[in-house]
Amino acid sequence: MPRPEVLERIQSAESDADEIVAQAEQDRDERIAEARERAEEIRTEADQEAQELKERRLEEAREEIDQECERVLEEGEREREALADRARDRVDEVTDHVVELFQEDVHAQT
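So, how was this worked out
Per chain, residue numbering runs from 1 following the sequence as it is written. Where local features are concerned, this predicted model is filtered to residues with pLDDT of at least 70; where side-chain atom pairs are given and counted, the filter is 80 or more; whole-chain, interface and lining totals use all residues. Heavy atoms throughout the structure, all of them, feed into the side-chain values; hydrogens and water do not. A helix here means a DSSP run of H or I that spans at least four residues, while a strand means a run of E at least two residues long, and both kinds are numbered starting from the N terminus. Note that the radius of gyration is over C-alpha atoms, with the globule rule given as 2.2 Å times the number of residues to the power 0.38. When a residue's accessible area, from a 1.4 Å probe over protein chains only, is under 20% of the maximum for its type it is buried; when over 50% it is exposed; and in between it is partly exposed. Under the convention used here, a 1.4 Å probe and the Shrake-Rupley method define accessible areas, while residue burial counts only the protein chains that appear. Under the convention used here, Asp and Glu are negative, Lys and Arg are positive, and both His and the chain ends fall outside the count. Charge placement uses NZ in Lys and CZ in Arg. For Asp and Glu, CG and CD serve respectively. The salt bridge criterion pairs a side-chain nitrogen of Lys or Arg with a carboxyl oxygen of Asp or Glu, the two atoms within 4 Å. Each patch is built from residues lacking any salt bridge and having more than 30% relative accessible area; the joining distance is 9 Å for like charges and 5 Å for nonpolar side chains (Val, Leu, Ile, Met, Phe, Trp, Tyr).

Topic: the overall build of the protein chain
Okay, step 1: Across its full length, the protein chain holds one helix and zero strands.
Okay, step 2: At 46 Å, the protein chain has a C-alpha radius of gyration far larger than the 13 Å of a compact globule built from 110 residues.
Okay, step 3: Looking at the protein chain residue by residue over its 110 residues, the buried ones come to 1%.
Okay, step 4: As displayed, the protein chain has an accessible area near 10,400 Å², and 51% of this comes from carbon and sulfur atoms.
Okay, step 5: A gap of 5 Å separates the mean positions of the 17 positive and 39 negative side-chain charges of the protein chain.

Written out as structure tokens, the structure is:
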């Protein structure tokens, strides 16, 4: 094989190799860019899901607090009614006792 042909083949092979390397670098850069874009999408989705979960848990906690507040208020109302009932039941007893004390004072003065 004559030397000029060998030289041309070597130069052609080097040119092909350079093109292959350039294409590989371009493919690598594109894949890296796509991977970064996908990673950003995943982070954004994760942030959204975390925010939604936080809001759901916050709403659940508020509902639990509201329910507990309502339960405490109802219990307080029942206790208030029970105290009022006991007080009403004792009105006659206390009235009788006060009348007795008054009568004792009246008799003691006479």
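That covers the picture; the talk isn't over yet.
Concerning the pattern of salt bridges
Okay, step 1: Applying the stated rule across the entire model yields nine salt bridges.
Okay, step 2: A salt bridge links R80 to E77; the shortest N-O distance between them is 2.6 Å. Taken together, the positions of R80 and E77, both in helix 1 (residues 3-109) and three residues apart, correspond to about one turn of that helix.
Okay, step 3: Its relative accessible area of 47% is what places R80 among the partly exposed residues.
Okay, step 4: Since its relative accessible area comes to 34%, E77 is described here as partly exposed.
Okay, step 5: Measuring nitrogen to oxygen at the nearest pair gives 2.4 Å for the salt bridge that ties D85 to R88. One end of the pair is D85 and the other is R88, both in helix 1 and three residues apart, which spans about a single turn.
Okay, step 6: The exposure class assigned to R88 is exposed, which follows from its relative accessible area of 52%.
Okay, step 7: The structure contains a network of salt bridges with shared partners spanning R38, E41 and E45.

A few points about a negative patch on the surface
Okay, step 1: A cluster of like negative charges, contributed by E59, E60, E63, E64, D66, E70 and E74, occupies part of the molecular surface.
Okay, step 2: Note that E74 resides in helix 1.
Okay, step 3: Residue class for E74 comes out partly exposed when judged on its relative accessible area of 41%.

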